[in-house]
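Letter by letter, the chains look like this.
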Amino acid sequence: MGYKLGVDVGGTFTDLCLFDEEEKKNMVLKLPSTPQDPSKAIIEGIKNILSINKVNPNKVNYLVHGTTVGTNAAIERKGAKTALITTEGFRDLLELARQTRPSIYDLYKDKPEPIVKRNLRKEVTERLRFDGTVEKSLNKEQVSDVLEEMLKDDIEAVSVCFMHSYLNPAHEKEVKQIIQEILPDVYVSVSSEVLPEYREYERLMTTTLNSYLGPVVSKYVNNFAENIKEIGIETKPYINQSNSGVMSIEVTKNNPVRTALSGPSAGVAGAAYIAKLAGFEDIITFDMGGTSTDVSLMQHSIPKVATGKSVAGFPVQVPMTDVHAVGAGGGSIAWIDNGGVLKVGPHSAGASPGPAAYDKGGTEPTVTDANVFLKRLNPEYILEGSMPINYAAANEVIEDKLSVQTGLSVIDAAKGILKIVNSNMMRAIRVVSVEQGHDPREFTLVAFGGAGALHAAHVAKELGIKKVLVPDSPGILCAVGLLASDLRMDFVKTERLKAAPQNLSLIDEKLNELITEAKEWLLEEGVPMEQQMIDCKIDIRYVGQNYELSIPIKGALKTEENLKVLQQAFHSEHEKAYGYANEREEVECINYRVIGRGATSKINLRSHEAGSTDASHAVLGVRNVYFDEVDAFINTKVYQRKKLKPNNIIEGPAIVEQMDSTTVIPPHSKAQVDLYKNIIINL
Amino acid sequence: MKTKSIDPITVEVMGNALLSIAEEMSVTLVRTSYSTNIKERKDSSTAIFNAKGETIAQAAAIPVHLGSMLGICKEILAKYPLDQINPGDMFVANDPYNGGGTHLPDITIAQPVFKDGEIQAFVANIAHHSDVGGKVAGSSSGDCTSIFQEGLRIPPIKICSKGIINQDIIDMILLNCRTPKERLGDLWAQIASNRIGENRIEELINKYGKFMFKEGLEAFLKYAENKIRDGIKQIPNGVYEFTDYLDDDGIELTKKHLPIKVSVKVQEDHIILDFTGSVKQVKGGINVVKTALYATIYYALKAIIDSEIPSNAGYYRAIEVIAPEGTIVNATPPAAVGGRTDTCQRIVDVIYGALAKAVPEKVVAGCNSAVTTVLFSGTDPRNNNFFVYPESLGGGLGARSNKDGIDGVHVHVTNSSNLPIECLEMEYPIMIEKFEFIKDSGGAGKYRGGLGIRRDYKITVPMEFASHADRQKNAPWGLLGGKPGKTGKFVINPGTKEEKILQSGKVSEIELKPGDILSAQTPGSGGYGLPSEREEKRIKEDILLEKTTLHQAEKDY
């Protein structure tokens, strides 16, 4: 028996979660991040959590790290000096993108600067046709010449992407080999390896971003591995990726772009795990922080993974957890615009100066100030007494900045702020649910992040959602999520084939190739056959359409019967997503996707003993809290989260306070603590 | 007190809900449509209207489409007595003169939303169909001289009655189109999109109640009006004039330099645009009907006054338009209108040219301001299907008061993505040989104009080429001393002995044979400020990046 350790580094905090395999329980630790050198907080955190819990480092048998180093390098444009080699005639594709401008109405908004400067984008003679056959063969001498030039430019990374290479990688492979001979120290990515999928701009951009992040991420994960070795942890660490899976250090170095949106994915994985334990498989995750909120939807406890997300303004086509972000959170500023309407965000008071109620110099009304004024947040202190709250300041700032201009009372203005921020949240949830053909009423809302539990119940009510789950420690769910993720890699191939009996063997050939690739990858990662899980999908469309739906299948089709089942599944998925299906239309397969997963030895939290329904022992006191339902401040019991026991029932209206979060339980609703200490609010 | 009349919270909350509905309609339309034009290039829009047919909310999409939708509901209400409009009815229309449209390929489908037997709102969407019949494939040829040559004209008629699709109407539309299967898929998508919109609006009405819903819509309009009036107040009062010239109409090539003239009068919190002096309507299809003119003006002003104004009829109240009937900016039947976007683009440039005298810090220098459109048609030997492939290309966005322009983008009233080359080559017997910026096409200045695009199409089977484009003779102008950008052109087999530069941007029925290259080269855009004031490091950077040649830099700077 040993321990599993999750280390999640965010912009503000570094969170750790240590799972004791014998006791089947989590120990957690939160400390400020050290953005200059993230390893400082990491080392300190690991040492502390081990020593506090008296755990010898060599007892740690599994370790997962979530990092935003790749994300930040993309956003701050601090990647490697990168060059591109592409088909003659197309060096500007990277900058032209899809020739749209970034904002229709804002003439002064720019596209993001291309990550490879124009003079470092080199063209070579070669060309494949639409079917992968060769129109012009590769001019290798030209490749060597181009590389010689790059030698002079101190290039750190090269990206290679040729037209139609997803069908025939030969030219890209040859170039890769030449690069490895001439520029052995340079980081190389080629598109047919990073993303052998059609649509040239997206493939080019994904591959180039992979190169751009390669050196930075490689160096970082190498250091990380060294650091934990020095601490005395002997196990090989894993790195979290954007698809809610983990990968080894070696794989990470080849696929840095796969970490680029890994931040939100850990929270989603954590929510999936906790909710499943509690018996909820269809959930919408609601991660509301200080400046932004992430929402996502999943069925059967499987986080939804999508392609076509963007990183730092660039499309990245590798599969990522389908998280939708909105720029509103607890610190968002409320203001009256020139049309006389109350707006919330996108500006945020951030951590400094923060909301007026924090008394750190904040002079603009924020969502937090509204929560303080309406006493949903403790009007005297938060963080279990460690941070005083200035109620008068919240009142004053709303009055000065909003009431005076609009004639609204302070109560109405504060109510308005919450209404508006909640309406932004609802819009975000609609994007991941109704716009994808899901009815939110069939889902449970899982609230976490600093402000999630404060708003979740009211957002849920507006959407007709019946249940809200607030995990035991909503603030460290990401670190828990790291320990709940599988080892995972996504494989893809594109070939347009009608879903017809004569193509059965061709379709199966594609799938089988990918399945073999996935199995080999898992073996290399040390996952024996019996622990391997293979999921297959085919992206299908009606002939003539240009968007596909991913339809899951069990494996290679083998029979015409299975082909029919596949077609039928597509029709019903289409009907569900878009309101119509046409079974007489021909259907074609475009992308073949195989996901290889290796079950890691995940955490398995134990349940606690059930107690009585009486929660009175956890009551801290009573305060007047405003609720829309009664349109008044009413007497509301305030509970202390850590004293709550399984089975305790809390009647709304009620407030539950804990170290890093506050849960609001509205009137006419009832909450119960479950065996894993989650609060389940029934609306 | 500007805020007294509206509830500042409900407006924001309901506004969010309405936008969310328009977006959901848009997602449905794009995702379910069949044609690459809508699916990949998102050449479509969705909107919500009040019971009077005023625009309330529009999903962020192509501004010129707002035009087709501005008119549709009003045309329906004018044609059908209220007792003949029933729940579940849907109306289809495309005619610029009778159906509220702006050109025939844009087919609009609108649906009233009822509560208690009364119309509470309309939902509508528009999709650019790649062919609606007419003399050439694509229905958008530069050489049409009458609307009757441009394709099937549809006044507002019921495509659905009480929820049941009227197959007769669909059959008639399909028979008139060269690519019926694709059209059918797109029409279905449009119907599906409206149904989603109808359901969502009903939910919203049920939530707020009829009365509050109506009040909320009105308040949302008032909000937009407040915002635009506040913005107009920041522009110095005065009368500002500007004239620019279109190359030709593609038909009467001897008539060159067709003027578009505007006089913009700014008066406290409202603005009057007078187009008197613009050329009479022309034979070629570059005429603009009134709704398209309005849509263009609404775009132009929102973009420089306040890009955050919700796209609704409230802000139109502060804008007055004078456009003499029978001119190119307010055409009367049977003027051809297929290539109207070229003119719409130029109208925006002209408005900015005028307002540069009042608010030089907000406008941009002359842009590529044509919608360089190429259209290939023929039979694909791989499947024996007749195909029509339209594509519009971006160009330079003019230099700005504090920075360079943008290279190679769609400007003003259009913003459609291009089809991925790998999709294009899979779908059509065409190969792309080049897709790149044209060096030296951005006008010199303290800030350089954005570059035009060169896209070379290699033809692999016999096919026909048609186009509409402009700024092939009249260059995009610079501002405050900035130099003009380069004009565009179409060249067949560039750099060979058979090289042929097409005479006009508006051609049709050009036969291309296998092996031919059609090179589309789009205009750049004007510079801003004196070239002598350009920082040396920027000049050097342009030379390093080969956006400006050394030769040109020596000439300009």
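1. Things to note about the overall build of chain B
When you go through chain B residue by residue, the secondary structure sums to 11 helices and 22 strands. A globule of 557 residues ought to have a C-alpha radius of gyration of about 24 Å, and chain B, at 23 Å, matches this closely. Oriented by its inertia axes, the alpha-carbon framework of chain B measures out at about 70 × 65 × 40 Å. In chain B, which comprises 557 residues, the share counted as buried stands at 66%. Contacts in chain B between residues far apart in sequence, at least 24 positions, make up 76% of those at least 6 positions apart.

2. Description of the sheet that holds strand 11 (residues 319–322) of chain B
Residue and element names in this part refer to chain B. Across the sheet, 4 strands lie side by side as 8-9-10-11; this open sheet has mixed pairing. The open sheet has two edge strands with one neighbour each: strand 8 (238–246) and strand 11. In this sheet, neighbouring strand axes are inclined to one another by 15° on average, regardless of whether the strands run parallel or antiparallel. Pairing geometry for strand 9 (residues 258–267) and strand 10 (residues 270–274), over 5 bridges, is antiparallel. Along strand 10, the bridge assignment pairs Lys 265 with Ile 272. Packed onto the sheet, helix 8 (residues 340–355) meets strand 8, strand 9 and strand 10 and runs at close to 145° relative to strand 8.

3. Topic: the interface of chain A and chain B
Between chain A and chain B, the residue contacts involve 54 residues of the former and 65 residues of the latter. Contributing elements (two or more residues each) for the side of chain A that touches chain B: helix 3 (93–96), helix 7 (200–231), strand 22 (342–348) and helix 12 (410–432) of chain A. Per-element accounting of the side of chain A that touches chain B gives the leading share, 7 residues, to helix 12 of chain A. The class makeup of the residues in the side of chain A that touches chain B is 19 nonpolar, 17 polar and 18 charged.

4. Observations regarding the environment of Arg 127 of chain A
Residues and elements named next belong to chain A. With respect to the helices and strands, the residue Arg 127 is situated in strand 7 (residues 127–128). For Arg 127, a count of 19 C-beta atoms within 10 Å gives the class partly exposed. With 331 residues separating them in the primary sequence, Arg 127 and His 458 have C-alpha atoms 57 Å apart. Sequence-distant contacts of Arg 127, defined by excluding residues within four places in its chain, comprise Thr 87, Glu 135, Lys 136 and Met 163.

5. Digging into the confidence of the model for chain B
Scored by pLDDT, chain B has a mean of 93; 98% of the residues are at 70 or more. Prediction confidence for the complex, expressed as pTM and ipTM, is 0.91 and 0.92 respectively.

6. Some details on the domain arrangement of chain B
Residue and element names in this part refer to chain B. Here chain B is partitioned into domain 1 (8–225) and domain 2 (365–557). Each side of the interface is counted separately: domain 1 has 20 residues, and domain 2 has 23 residues. Looking at the side of domain 1 that touches domain 2, the elements that each hand over two or more residues are helix 2 (36–39) and helix 3 (63–79). A breakdown of the residues in the side of domain 1 that touches domain 2 according to their chemical character gives 5 nonpolar, 8 polar and 7 charged.

7. Quick notes on the packing of helix 1 (residues 8–32) of chain B against helix 6 (residues 210–233) of chain B
The angle between the axes and the distance between the axes are what describe a pair of packed helices. All names here are of chain B. For the pair helix 1 and helix 6, interaxial distance at closest approach is 9 Å and the crossing angle is 100°. Relative to helix 6, the element helix 1 lies roughly perpendicular. Residues Thr 10, Val 11, Met 14 and Gly 15 of helix 1 pack against Gly 216, Ala 219, Phe 220 and Tyr 223 of helix 6. Residues belonging to the contact of helix 1 with helix 6 are distributed by class as follows: 5 nonpolar, 3 polar and no charged.

8. Quick word on the domain arrangement of chain A
All names here are of chain A. Domain annotation for chain A reports domain 1 (78–210), domain 2 (264–485) and domain 3 (486–598). Relative to domain 2, the C-alpha centre of domain 1 lies at a distance of 39 Å. On the domain 2 side, the residues contacting the 8 residues of domain 1 number 8 residues. Broken down by class, the residue content of the side of domain 1 that touches domain 2 amounts to 4 nonpolar, 1 polar and 3 charged.

9. Structural notes on the pairing of strand 22 of chain A
Residue and element names in this part refer to chain A. The sheet contact formed by strand 21 (residues 332–336) and strand 22 spans 4 bridges and is antiparallel. Its bridge partner lying in strand 22, Ala 334 is registered against Val 344. Following strand 21, the chain reverses through 5 residues before pairing antiparallel with strand 22; Gly 340 in that reversal takes a positive phi of roughly 85°.

10. Some details on the sheet that holds strand 35 (residues 661–665) of chain A
Residues and elements named next belong to chain A. Spatial ordering of the open sheet is given by 31-32-34-35, a layout of 4 strands whose pairing is mixed. A strand with exactly one partner marks an edge of an open sheet, and here the two such strands are strand 31 (619–627) and strand 35. The average angle at which neighbouring strand axes cross in this sheet is 30°, direction not considered. Pairing of strand 31 with strand 32 (residues 632–640) involves 8 bridges; the strand directions are antiparallel. Following the sheet pairing, Arg 623 is matched in strand 32 by Thr 636.

11. Topic: the packing of helix 7 (residues 290–305) of chain B against helix 8 of chain B
All names here are of chain B. It is the contact of helix 7 with helix 8, at a shortest axis distance of 9 Å, that shows an interaxial angle of 40°. Looking at the two axes, helix 7 sits oblique to helix 8. In the crossing of helix 7 with helix 8, the sense of the turn from one axis to the other is right-handed. Every residue of helix 8 that contacts helix 7 at Ala 292, Leu 293, Thr 296, Tyr 299, Ala 300 and Ile 304 is listed here: Arg 340, Cys 344, Ile 347, Val 348, Ile 351, Tyr 352 and Leu 355.

12. Considerations on the nonpolar core
A general trend in soluble globular proteins is that nonpolar side chains are found buried together. Among the nonpolar cores identified, the biggest contains 369 residues, and Leu 209, Ile 417, Leu 445 and Val 468 of chain A together with Ile 48, Ala 124 and Ile 351 of chain B are the most heavily contacted of them. With 13 residues, the single largest contributor to this core is helix 1 of chain B. Apart from residues lying up to four places away in sequence, Ala 124 of chain B is in contact with Ala 47, Phe 49, Met 69, Ile 72, Cys 73, Thr 108, Ile 109 and Ala 110 of chain B.

13. Focus on the pairing of strand 26 (residues 467–470) of chain A
All names here are of chain A. The pairing of strand 25 (residues 444–448) with strand 26 spans 3 bridges and is classified as parallel. Bridging across to strand 26, Val 446 finds its partner in Leu 469. Bridge count between strand 26 and strand 37 (residues 679–682): 4 bridges; the pairing is antiparallel. Note on strand 37: the bridge partner recorded for Lys 467 is Asn 682.

14. Side note on the environment of Lys 302 of chain B
Mapped onto the elements of the fold, Lys 302 of chain B is located in helix 7. Counting along the chain gives 13 residues from Lys 302 of chain B to Tyr 315 of chain B, while the straight-line C-alpha distance between them is 8.8 Å. When sequence neighbours within four positions are dropped, the list of residues in contact with Lys 302 of chain B reads Tyr 105 of chain A together with Ser 307 and Ile 309 of chain B.

15. Comments concerning helix 7 of chain B
When the terminal C-alpha atoms of helix 7 of chain B are compared, their 22 Å separation across 16 residues agrees well with the 22 Å that a helix rising 1.5 Å per residue should span. Extensive coverage of helix 7 of chain B is indicated by the burial of 16 of its 16 residues.

16. Things to note about unusual backbone geometry
For the bond from Gly 345 of chain A to Pro 346 of chain A, the omega torsion is 5°, close enough to zero to count as cis. Within the fold, Pro 346 of chain A resides in strand 22. Gly 652 of chain A connects to Pro 653 of chain A through a cis peptide bond whose omega is 5°. As for its position among the elements, Pro 653 of chain A is in the loop between strand 33 (649–651) and strand 34 (654–658). Here the phi dihedral of Ala 97 of chain A falls at roughly 50°; this positive angle occurs in a residue that is not glycine. For Ala 97 of chain A, the position within the fold is in the loop between helix 3 and strand 6 (121–124). Of note, Asn 493 of chain B is a non-glycine position whose phi angle comes to about 50°, a positive value. Position of Asn 493 of chain B among the secondary structure elements: in the loop between strand 19 (489–492) and strand 20 (500–501).

Criteria and cut-off values
- Residues numbered from 1 in each chain as written.
- Chains lettered and ligands numbered in written order.
- Predicted model: local features only at pLDDT ≥ 70, side-chain atom pairs only at ≥ 80, totals over all residues.
- Helix = DSSP H or I, 4+ residues; strand = E, 2+ residues; numbered from the N terminus.
- Rg over C-alpha atoms; globule rule 2.2 N^0.38 Å.
- Buried ≥ 20, exposed ≤ 12 C-beta atoms within 10 Å, placed from the backbone.
- Contact = placed C-beta atoms within 7 Å.
- Pairing = 2+ DSSP bridges.
- Axes fitted to C-alpha atoms, helices over the stretch in contact; angles between N-to-C directions.
- Nonpolar A, V, L, I, M, F, W, Y, C, P; charged D, E, K, R; others polar.
- pLDDT = per-residue confidence, 0-100.
- Domains from an automatic or database assignment.
- Parallel < 35°, antiparallel > 145°, perpendicular 65-115°, else oblique.
- Left-handed = near helix turned anticlockwise from the far one by under 90°.
- Core = buried A, V, L, I, M, F, W, Y, C linked by C-beta atoms within 7 Å.
- Expected span 1.5 Å × (residues − 1).

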